Amino acid sequence: MKIVSSMILYLVLILGALLFVFPVVLIFITAFKPDGEIVHFYSILPKEWTFENFREIFASPEEIPIFRWFANSLLISTMVTLLILTVHSLAAYGLARLDLPGKKWVFSMIIATLMIPGQIFLVPVYLILNKLGWLDTPLALIIPAGAGAFGVFLLRQFFLGIPRDLEDAANIDGCTRLGTYFHIILPLSKPALATLGIFTFLGSWNDFMGPLVFLDSVDKYTLPVGIALFQTSYYAEYGLTLAACVVCTLPVVIVFLLFQRHIIKGISLTGLKD
Amino acid sequence: MNKKSILYRYSGYLFLAPYLLLFCVFLVAPLCYGLGLSFFEWEMISPFPPRFNGLENYQEALKDQYFWKALWATARFVIMIVPTVICGALLVATLINALPLKRQAIFRASFFFPTLISISVAGILWRWFFNTEFGLFNAVLANFSMKVPWLSDIRWAMKSIAFMTFWWTLGGPMVVLLAGLNQIPDHYYEAAAIDGANAVQRFIHITIPLLRPVLLFVSVMSIIGSFQVFGQTFMITRGGPEFSTRVLVQYIYETAFSFYRMGYGAAMSWLLFLVIAVFSIVQFRIMRER
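The numbering scheme is per chain: residues are counted from 1 as the chain's sequence reads. Following the order in which they are written, the chains are lettered starting with A and the ligands numbered starting with 1. The predicted origin of the model limits local features to residues at a pLDDT of at least 70 and limits the giving and counting of side-chain atom pairs to 80 or more, whereas totals for whole chains, interfaces and linings rest on all residues. Side-chain metrics in this entry use all non-hydrogen atoms of the structure; hydrogen atoms and water are not considered.

1. Section: the overall build of chain B
Then step 1. Going along the chain from the N terminus, every DSSP run of H or I of four or more residues is numbered as a helix, and every run of E of two or more is numbered as a strand. Helix and strand counts for chain B come out as 14 helices and two strands.
Then step 2. The C-alpha atoms of chain B give a radius of gyration of 24 Å, which is well past the 19 Å a tight globule of 290 residues would have.
Then step 3. The principal-axis extent of the C-alpha atoms belonging to chain B is close to 80 × 75 × 35 Å.
Then step 4. When the 290 residues of chain B are sorted by exposure, 53% land in the buried category.
Then step 5. Here a residue-residue contact requires only that any non-hydrogen atoms of the pair lie within 4.5 Å. Residue pairs at least 24 apart in sequence account for 66% of intrachain contacts in chain B once pairs closer than 6 positions are excluded.
Then step 6. Working note: accessible area of chain B is about 13900 Å², and carbon and sulfur atoms make up 68% of it. Computation of the radius of gyration draws on C-alpha atoms alone. For the globule rule, the value is 2.2 Å times the number of residues to the power 0.38. When a residue's accessible area, from a 1.4 Å probe over protein chains only, is under 20% of the maximum for its type it is buried; when over 50% it is exposed; and in between it is partly exposed. Only the protein chains shown count as cover for residues, with accessible areas throughout obtained via the Shrake-Rupley method and a probe of 1.4 Å.

See the structure below:
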């Protein structure tokens with residue numbers, strides 16, 4: 001009886017897991033089909049594998065600047081990640097460890113913004129970026145991203161859990177606050193920094209609304225927005241569109257396979273700590 | 001306390017300075033600016049400067065049939081997606097939690113995987129699945145001589161969007177709930193089993209009460225997120241057919257960035273914020289009191 005119910009459990013879960021993964025796998029398979037086979041679906045695997053779709057999106061950089069979009073995405077995501085790791089870890093260190101007057105008050109104000117729905121910032125941030133002259137530049141997507149409170153919250157939580165003894169010893173040896181941050185806190189926080197970094201990178205890579213609203217010229221686009229453009233310009237050419245989707249999705253899949261544990265941990269932490 | 005040590009204490013704020021600068025310029029300032037803007041008539045492309053018009057933007061929204069249509073489309077989406085995603089995530093998390101700990105990772109990763117796909121990629125993929133003439137779903141249904149107008153019929157469009165969203169967003173709450181389930185000590189269940197409680201009774205009397213804080217968190221996050229739905233409808237249906245899937249954020253997006261009516265856009269943003277706040281608070285009340 002126990003074996004039967006356990007087998008049913010595995011069967012249900014395996015079936016469910018396959019259904020969830022299958023659509024993504026389908027992108028990768030279908031990108032190797034000629035258009036005719038995509039439109040007239042008769043088998044999951046292509047009858048004849050073709051690289052034509054990929055050759056075509058890479059071959060016409062004037063019409064489809066996919067390398068440019070890739071470079072833009074990579075630049076923006078990397079810069080956002082570096083900005084958040086630096087600025088948020090400094091702030092989190094101050095909030096977790098330093099004896100600042102009014103610290104509690106500042107922290108509650110920062111945390112309160114976590115619950116504010118993002119859509120409220122859309123119009124005013126657009127206008128502020130317009131005033132700064134940053135619209136249609138990568139800066140529009142990099143700098144405002146550093147204002148979110150999630151990283152500060154996550155890192156502060158982690159820093160609070162680091163034993164104080166090491167810092168006390170460092171202080172007696174004459175280490176400054178900045179020295180303690182660099183030589184003690186940061187090296188001990190690698191797991192938390194990695195989690196936040198991967199998380200931030202993926203979020204920025206996949207961001208759709210930001211680039212859609214803040215960017216104008218096609219050669220400034222990031223991959224997700226560039227691909228969305230396909231839908232209007234190359235509407236009937238599913239093969240090309242799916243090949244572009246593979247270019248956008250492959251880095252995410254690789255990062256996920258490499259750092260799965262960090263990503264899952266980051267998600268879990270958001271709901272459990274108070 | 002001497003002067004030097006007070007100075008020293010305040011100088012610690014230098015660590016916070018870079019963040020607080022970003023926080024003020026791109027979080028606090030936009031919040032105030034947006035609220036102020038909502039009391040102004042301002043068409044960005046017109047030569048006229050912004051003009052204070054009090055509550056007129058808000059009054060206009062309440063009379064605007066497209067605002068109500070968009071709010072109704074959003075509400076339908078929220079009603080479809082929040083209960084199904086939370087219940088689905090709880091179900092999947094419970095099933096996975098019944099496995100030995102070392103076997104859980106692969107299933108957790110599989111169900112979580114779709115959340116990592118950019119909405120433009122996911123949108124293109126599902127638009128193809130849903131296509132009436134040569135989409136995957138109708139190709140399969142053709143074997144049973146059925147044909148469903150997934151995206152072109154008012155009765156189907158929002159359901160199709162919700163169906164896709166279920167797949168796309170189940171992973172996040174599922175991982176959080178599973179982490180919560182992992183934290184419940186086994187001996188609670190063992191003790192209840194000895195007392196003769198069956199699996200369903202154990203789920204209702206042990207799992208649900210102990211999981212309540214986590215459940216509250218994921219449902220509030222799901223409510224906040226779902227009211228702001230945009231990418232799915234923008235990519236898959238563009239708001240059609242007949243505005244049946246044009247949600248509020250898309251209407252705000254079009255008002256502000258296609259018609260450049262910044263004041264009216266900001267006012268509708270604040271109305272949506274109000275709606276989200278009310279529903280989040282109600283959810284808090286309901287789940288805390290019981």
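2. Digging into the packing of aromatic side chains
Then step 1. Classification of ring pairs rests on two measures: the distance between centres of Phe, Tyr or Trp rings, Trp counted by its six-membered ring, which must be within 6.5 Å, and the angle between planes, read as stacked under 30 degrees, edge-to-face over 60 and tilted in between. Tallied over the entire structure, the rule returns 42 aromatic pairs over all chains.
Then step 2. Look at Trp126 of chain B and Phe163 of chain B: their rings are 5.8 Å apart centre to centre, the planes differ by 80°, and that puts the pair in the edge-to-face class. Pair noted here: Trp126 of chain B is in helix α6 (residues 119–130) and Phe163 of chain B is in helix α8 (residues 154–169), with a separation of 37 residues, a long-range link.
Then step 3. Take Phe163 of chain B: its relative accessible area is 45%, and that puts it in the partly exposed class.
Then step 4. Between the aromatic rings of Phe129 of chain B and Phe137 of chain B, the centroid separation amounts to 5.4 Å while the plane-to-plane angle is 45°, which identifies the pairing as tilted.
Then step 5. One aromatic cluster is present, built from ring pairs that chain together Tyr238 of chain A together with Trp126, Trp128, Phe129, Phe130, Phe134, Phe137, Trp150, Trp156, Phe163 and Trp167 of chain B.
Then step 6. Distance and angle both matter: a charge sits over a ring if NZ of Lys or CZ of Arg is within 6 Å of the ring centre and within 35 degrees of the ring normal. Residue placement shows Arg177 of chain A over the ring face of Tyr8 of chain B; its charged tip is 3.9 Å from the ring centre.

3. Here we look at a negative patch on the surface
Residue and element names in this part refer to chain A.
Then step 1. On the surface, Asp35, Glu56, Glu62 and Glu63 cluster together into a negatively charged patch.
Then step 2. Summarising the element assignment, Glu63 is placed in the loop between α3 (52–59) and α4 (66–97).
Then step 3. Of the residues examined, Glu63 reaches a relative accessible area of 59% and is grouped as exposed. Note that patches include only residues with greater than 30% relative accessible area and no salt bridge, and the join distances are 9 Å for like charges and 5 Å for nonpolar side chains (Val, Leu, Ile, Met, Phe, Trp, Tyr). For salt bridges, the criterion is a side-chain nitrogen of Lys or Arg within 4 Å of an Asp or Glu carboxyl oxygen. We count Lys and Arg on the positive side and Asp and Glu on the negative side, and we leave His and both chain ends out. One atom stands in for each charge, and that atom is NZ of Lys, CZ of Arg, CG of Asp or CD of Glu.

4. A short note on helix α6 (residues 122–132) of chain A
Residue and element names in this part refer to chain A.
Then step 1. Of all the eleven residues making up α6, eight are buried; the element is thus mostly covered by neighbouring parts of the structure.
Then step 2. Looking only at α6, the buried set comprises Leu122, Val123, Pro124, Val125, Tyr126, Leu127, Ile128 and Leu129.
Then step 3. At the exit of α6 stands Gly133, carrying a positive phi of roughly 75°.

5. Notes on the confidence of the model for chain A
Then step 1. The predictor attaches a confidence to each residue, called pLDDT, with possible values from 0 through 100. On average, residues of chain A score 89 in pLDDT, and 97% of them reach the 70 mark or higher.
Then step 2. Per-element confidence in chain A ranges from a low mean pLDDT of 77 for helix α2 (residues 35–39) of chain A to a high of 97 for helix α7 (residues 139–142) of chain A.

6. Examining the nonpolar core
Here is a general trend for soluble globular proteins: nonpolar side chains tend to be buried in one another's company.
Then step 1. The nonpolar core is taken to be a set of buried Ala, Val, Leu, Ile, Met, Phe, Trp, Tyr and Cys residues, with the residues joined through side-chain atoms within 4.5 Å. Membership of the largest hydrophobic core comes to 189 residues, with the highest contact counts inside it found for Ile57 and Phe208 of chain A together with Phe67, Phe111, Leu177, Phe257 and Met262 of chain B.
Then step 2. Per-element accounting of this core gives the leading share, 16 residues, to helix α14 (residues 238–272) of chain A.
Then step 3. Ignoring anything within four residues of it in the chain, the contact list for Phe111 of chain B reads Leu13, Gly16, Ala17 and Phe20 of chain A together with Val92, Ile96, Leu170, Gly171 and Met174 of chain B.

7. Some details on the confidence of the model for chain B
Then step 1. The share of residues in chain B with pLDDT of 70 or more is 98%, and the mean pLDDT across the chain is 91.
Then step 2. Taken element by element, the predicted model of chain B shows its lowest mean pLDDT in helix α1 (residues 3–11) of chain B (79) and its highest in helix α4 (residues 65–97) of chain B (96).

8. Concerning the pattern of salt bridges
Residues and elements named next belong to chain B.
Then step 1. One pass over the structure, following the stated rule, counts nine salt bridges over all chains.
Then step 2. Among the ionic pairs, Glu41 bridges to Arg261, the shortest N-O distance being 4.0 Å. Taken together, the positions of Glu41 in strand β1 (residues 40–41) and Arg261 in the loop between α13 (248–257) and α14 (262–289) put the pair 220 residues apart, joining distant regions of the chain.
Then step 3. Glu41 sits in the partly exposed class, given a relative accessible area of 22%.
Then step 4. Between Glu60 and Arg261 there is a salt bridge, with the nearest N and O atoms lying 3.1 Å from each other. With Glu60 in helix α3 (residues 56–63) and Arg261 in the loop between α13 and α14, this pair connects stretches of sequence that are 201 residues apart.
Then step 5. Of the residues examined, Glu60 reaches a relative accessible area of 29% and is grouped as partly exposed.
Then step 6. Salt bridges linked by common partners bring Glu41, Glu60 and Arg261 together as one network.

9. Description of the packing of α4 of chain A against helix α2 (residues 13–37) of chain B
Think of two packed helices as two axes; the pair is described by the angle between the axes and how far apart they sit.
Then step 1. Lines fitted to the C-alpha atoms define the axes, with helices restricted to the stretch that makes contact. Angles between their N-to-C directions range from 0 to 180 degrees. Contact geometry for α4 of chain A and α2 of chain B: axes closest at 7 Å, N-to-C directions at 120°. Relative to α2 of chain B, the element α4 of chain A lies oblique. Here α4 of chain A and α2 of chain B pass one another in a crossing that is left-handed. Facing α4 of chain A, whose interface residues are Leu83, Val87, His88, Leu90, Ala91, Tyr93, Gly94 and Leu95 of chain A, α2 of chain B presents Phe15, Leu16, Pro18, Tyr19 and Leu22 of chain B.
Then step 2. Gly is put with the polar residues, along with every residue not named as nonpolar or charged; the nonpolar set is Ala, Val, Leu, Ile, Met, Phe, Trp, Tyr, Cys and Pro, and the charged set is Asp, Glu, Lys and Arg. Considered class by class, the residues forming the contact of α4 of chain A with α2 of chain B number eleven nonpolar, two polar and no charged. Should an angle lie under 35 degrees it is considered roughly parallel, over 145 roughly antiparallel, and from 65 to 115 roughly perpendicular; all remaining angles are considered oblique. Left-handed describes a crossing whose near helix is turned anticlockwise from the far helix through less than a right angle; right-handed describes the clockwise counterpart.

10. Observations regarding a nonpolar patch on the surface
Residue and element names in this part refer to chain A.
Then step 1. Where nonpolar side chains cluster on the molecular surface, the patch consists of Phe22, Ile44, Leu45 and Trp49 and spans about 400 Å² of accessible area.
Then step 2. Among the structural elements, Leu45 can be located in the loop between α2 and α3.
Then step 3. For Leu45, a relative accessible area of 49% puts it in the partly exposed group.

11. Digging into the interface of chain A and chain B
Then step 1. With 93 residues of chain A at the contact, the number on the chain B side is 89 residues.
Then step 2. By definition, the buried area sums, over both parts, the 1.4 Å-probe accessible area that each loses when the two are put together. Carbon and sulfur atoms supply 80% of the area that chain A and chain B bury against each other, a total of about 8300 Å² over both sides.
Then step 3. Counting across the chain A and chain B interface gives one salt bridge.
Then step 4. We note a salt bridge from Arg9 of chain B to Asp99 of chain A, for which the minimum N-O separation is 3.1 Å.

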